[in-house]
Amino acid sequence: MTPVKEIIGEMTDASPEDIAFVEKAYEFSKKAHATQTRYSGEPYFIHPAATAKILAEYGMDATTIAAGLLHDAIEDGCISRDEVEKEFGKELLFIVDGVTKLGTHKYRGAERHAESLRRLLVATASDIRVLIVKLADRFHNMQTLEHVPEHKRQRIALETLEIYAPIADRLGMGKLKSALEDLAFPFVDPDAASHAAEVRKLKTQETEEGLTKVQKEIGSELTKKGLTMFRTDIRMKGLWSLHQKLKRKRDDITLIHDIAALRIIVSTVEDCYVTLGAVHALYKPLPGEFKDYIAFPKPNGYQSLHTTVVTPEAGIVEIQIRTEDMHRAAQFGIASHMSYKQLGKGVEKLGKETQKSRFSSLSFSWVRWLIPSLMKVATKEGETKGVTKVPPWLAELAEAHTDVAGSKEFVEGLREDFFSHRVFVFTPKGDVIDLPAASTPIDFAYAIHSDLGDHLQGAKVNGKLVSFDTVLGNGEVVEILRRDSAHPSTKWLDIVRTSLARRHIRATLGLTEPEKPTPKRRRSSHQSKK
Ligand code: MN
């Protein structure tokens, strides 16, 4: 069992109040779960305690760590929401509620819904800390997956691989992403996992000694150049990502150069380029393999210099060069931006401009992720051909958020601009339907099929019959009852939110379009003024 001292020991710059808050949550949760056990037979409390420790390691604030301690306490019926709010405040209750809500969405294994479900989870988690607690929760559950009954293991592992690991990746949490993948992989495909492990082991033995020599050689070269503040380590490729690469390279191991990579961590951006120069002076780089992710960060904010060189000692080696700050961001992603104390340190080290640009790239990537093809729309003005299905409001949002100064501001902006405008609901089969906020069961029915809307007789939300003017909420399951004799009524026109539904209802009722300028006409007149 994780003692509370271990959790507190991971907290950076915690105030006495922070420590007292976490200690209180620890004791509270311990009592609440006292009579429960895990599948392994161990006391249930080991789980929330381990989750809290993960959150502390990720540099999260006291509220989030305490939420980690209490994240299962309400759902499992040990304590009431009122009690949690009274003892720990609204903010913590909000996070715990969110985690509980996320837990109700189960991945049903259809690949085409993976993206929808990822979007739904992001949307439901209007406070990003909810997602981070959920990821920590999943991380610990994956570590103890072998105790879970066999028929559940496969689903949980697949869900981890296809839903949670990509979310961790999009949040820039590289360390957690590969940890989740490698925990899930053997349960999803045992044969492929052991093959990848075998390949990695062989390659490691082959190159380990050589890499250590390369490490020393580069070290002394850097010292000669006057660089004293640096460290190096060897990073091994994750098994799942190795498997993906093996598939792409048709299992030809000789084409994979980054199973083991040498990482050089320096203190400033300038030092990164000096180091690159030193490395290229020592060893010949492979043409076309150099990537400057410092000048051009990856969509999730990742920054580093990557180069692949030919060494006499270890053959072809990938070398990654980055600052301490980039290293931390690459491991912890958005979590490293959440803790504002860390942010303070970052500003001192990097200067305001660099800090700002890093946030911009990070925040922009979030929106881009929601619709992958958005980038094209956002950068090439007016050129939307071939990039269908990108709603204009989303493109606008992407542009509006390119110069956001901080992640907190950005997340709040997303909540207001994006999530309050859209609602994600399920069909009984688990398909996700994306509707504008304030949509009703009528909008839902027409979004599925016009015939279903035209013969809408009744609607159930989460299994209960509701009236047609019910406003649908995120994550609700909506079931439409159809009857041939049922028909739209003019009253529906006052209730519906989508123009799709309104158009169908008017057509079915034989009504003409109203004499209002359509948004399309307005836009074209606006364009002609330019
Ligand atoms: Mn849990």
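This text gives an overview of the structure that appears in the document.

Conventions we followed
- Residues numbered from 1 in each chain as written.
- Predicted model: local features only at pLDDT ≥ 70, side-chain atom pairs only at ≥ 80, totals over all residues.
- Heavy atoms only, no water.
- Core = buried A, V, L, I, M, F, W, Y, C linked by side-chain atoms within 4.5 Å.
- Buried < 20%, exposed > 50% of the residue type's maximum accessible area, 1.4 Å probe, protein only.
- Helix = DSSP H or I, 4+ residues; strand = E, 2+ residues; numbered from the N terminus.
- Contact = heavy atoms within 4.5 Å.
- Donors = N, O, S within 2.8 Å, 3.2 Å for Na, K, Ca; no water.
- Phe/Tyr/Trp six-rings, centres within 6.5 Å; stacked < 30°, edge-to-face > 60°.
- Lys NZ or Arg CZ within 6 Å of the ring centre and 35° of its normal.

Regarding unusual backbone geometry
Not every positive phi belongs to a glycine, and R250 is a case in point at roughly 50°. Here the phi dihedral of N462 falls at roughly 50°; this positive angle occurs in a residue that is not glycine.

Brief notes about the nonpolar core
Judged by nonpolar contacts, the single largest core of 72 residues is most densely connected at L70, L135, M173 and L180. Among the elements that take part in this core, helix α8 (residues 128-143) stands out by supplying nine residues, more than any other. When neighbours within four sequence positions are excluded, L135 is seen to be in contact with Y164, I167, A168, L171, M173, L176 and L180. If you look at the next biggest cluster of nonpolar residues, it comprises 22 residues, including V214, L227, L262 and V279.

A closer look at the coordination of the manganese ion
Within the protein, the manganese ion binds to H47 (NE2), H71 (NE2), D72 (OD) and D137 (OD); these donor distances fall in the range 2.2 to 2.3 Å. Binding-site remark: the manganese ion is held by donors from one chain whose sequence spacing is H-x23-H-D-x64-D. Taken together, the positions of H47 in helix α3 (residues 46-57) and H71 in the loop between α4 (62-70) and α5 (81-88) put the pair 24 residues apart, joining distant regions of the chain. For H47, a relative accessible area of 1% gives the class buried.

Structural notes on the packing of aromatic side chains
Counted under the stated rule, the structure contains seven aromatic pairs. Plain terms: the ring middles of Y26 and F45 are 4.9 Å apart, the flat faces sit at 80° to each other, and that makes the pair edge-to-face. In this pair, Y26 sits in helix α2 (residues 16-32) while F45 sits in the loop between α2 and α3, placing the two residues 19 residues apart along the sequence. Residue Y26 shares its accessibility class with F45, and that shared class is buried. Aromatic pair Y58 and F332: ring centres 4.7 Å apart, planes at 85°, arrangement edge-to-face. Linking Y58 in the loop between α3 and α4 with F332 in helix α14 (residues 324-332), this pair joins segments that are 274 residues apart in sequence. Taken individually, Y58 and F332 each receive the classification buried, so the pair is uniform in this respect. Through a chain of ring-to-ring contacts, the aromatic side chains of F21, F28 and F88 assemble into a single cluster. In this structure, R38 packs its charged tip against the face of Y44, placed 5.6 Å from the ring centre. Over the face of the ring belonging to Y293 we find K298, whose NZ or CZ atom lies 5.0 Å from the ring centre.

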